[in-house]
Amino acid sequence: MTPAGAVSVSVIVNTYNWPEALRLSLQSLAGQTERCFEVIVADDGSRPGTADVVKAFAGSSSVPVKHVWHEDVGFRRAAILNKAIAEACGSYLIFIDGDCILQPDFVAQHCALARLNHLITGSRILLGRKFSKQLLAAGTWDYQVFRRNILRHRLKGDISKIVAFFVRLPWRPMSDYRSFVFRRIKGCNLACWKSDAVAVGGFDETFTGWGSEDIDFVFRLQDRGIIRRAGTWATEVLHIWHKQADPSRAAVNLKIVRDRIEAARLRKNAA
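Computed from a predicted model, the values in this text were never measured in an experiment.

S.K.: Help me get a handle on the overall build of the protein, residues and values and all.
M.R.: The helix and strand inventory of the protein stands at ten helices and ten strands. Whereas a compact globule of 271 residues would reach a radius of gyration of roughly 18 Å, the protein reaches 18 Å, a difference of no more than 12%. Seen through its C-alpha atoms, the protein measures out along the principal axes to roughly 60 × 45 × 35 Å. In the protein, which comprises 271 residues, the share counted as buried stands at 53%. Intrachain contacts of the protein at a sequence separation of at least 6 include 84% that bridge at least 24 residues.

Here is the structure:
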């Protein structure tokens, strides 16, 4: 068992050319009840506008902020995340996307769930298209104002669910996955120990284009013996609406994961 106060945390925020969304995500990090963490913005080659947002946030933030960037030569999410992992000072890593807004207890809840030899896969609450545009245009995030109007937001379809704002479930045995499953793995809400991430070689940089690099990462952690725990009802993020990414590599990437799962099954059966 690892109490929250004993965990040094790096929150890794993946982003690409959407400074308006990143600004809201970083504002929600500034409002966390847990303060013992650093922020690393893992930037997959954004234009200077993103650096301006990070610089402004770092200038006003009470937590350390780093900006890790590489040249834009196509979708290389795995590579920039690995660069961020290498820069992380925390022993525990929480991965989110820069189009996600966090509830104030997000980091604290992840810390509370953290256990040695475990990883956490969280879930998300989808924000409606119109509401997302309103938030982005306003450029500010105020959780208390949002929370006071949460029933209205649900009735208007601004949010995909409401119970998760009022229910917090601690760890329980049924929240642990006994074997690998594809469902509910979201790279926008994922946590593990840095030592475990390094031990499996981080994210596989041969994955190019959108799709499955997070699923592959979780599979390789579980294949190494790390237990996957569900963070549902404790760590949900608010996901800003956007158009779907280019899915042209999705099928190829998914086949890589399926082939690895089959190879692991054959290896274990032969042992």
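S.K.: Outline the packing of helix α1 (residues 19–30) against helix α2 (residues 48–60), listing residues and values.
M.R.: Running from amino to carboxyl end, α1 crosses α2 at an angle of 20°, the nearest separation of the two axes being 9 Å. Classified by the interaxial angle, the pair formed by α1 and α2 is roughly parallel. Note on packing geometry: the crossing formed by α1 with α2 is right-handed. Across the interface between the two elements, P19, L22, R23, L26 and A30 from α1 touch G49, T50, V53, V54 and F57 from α2.

S.K.: Explain the pattern of salt bridges to me, using residue names and the numbers behind them.
M.R.: Within this structure, the stated rule accounts for 14 salt bridges. For K66, the salt bridge is made with E38, and the minimal N-O distance between the two is 3.4 Å. Here E38 lies in strand β2 (residues 37–43) and K66 lies in strand β3 (residues 65–69), a separation of 28 residues in the sequence. Residue classification places K66 among the partly exposed positions, given a relative accessible area of 24%. Using a relative accessible area of 6% as the deciding quantity, one classes E38 as buried. In this structure, the salt-bridge partner of D204 is R260, at a minimum N-O distance of 2.5 Å.

S.K.: So what's going on with the sheet that holds strand β6 (residues 118–121)? Which residues, and what values?
M.R.: Read from one edge of the open sheet, seven strands run β3-β2-β1-β4-β8-β6-β9, paired in mixed fashion. Of all strands in the sheet, those bounded by a partner on one side alone are β3 and β9 (227–230). Ignoring strand direction, the axes of neighbouring strands in this sheet form an average angle of 20°. With five bridges connecting them, strand β4 (residues 92–97) and strand β8 (residues 189–193) associate as antiparallel partners. Across the sheet, residue Y92 finds its bridge partner in β8, namely W193. Along the sheet face, helix α3 (residues 77–87) touches β1 (9–15), β2, β3 and β4 and points at about 150° away from the line of β2.

About the criteria used
- Residues numbered from 1 in each chain as written.
- Predicted model: local features only at pLDDT ≥ 70, side-chain atom pairs only at ≥ 80, totals over all residues.
- Heavy atoms only, no water.
- Helix = DSSP H or I, 4+ residues; strand = E, 2+ residues; numbered from the N terminus.
- Rg over C-alpha atoms; globule rule 2.2 N^0.38 Å.
- Buried < 20%, exposed > 50% of the residue type's maximum accessible area, 1.4 Å probe, protein only.
- Contact = heavy atoms within 4.5 Å.
- Axes fitted to C-alpha atoms, helices over the stretch in contact; angles between N-to-C directions.
- Parallel < 35°, antiparallel > 145°, perpendicular 65-115°, else oblique.
- Left-handed = near helix turned anticlockwise from the far one by under 90°.
- Salt bridge = Lys/Arg side-chain N within 4 Å of Asp/Glu carboxyl O.
- Pairing = 2+ DSSP bridges.

Purely spatial values, then, with no claim about function.
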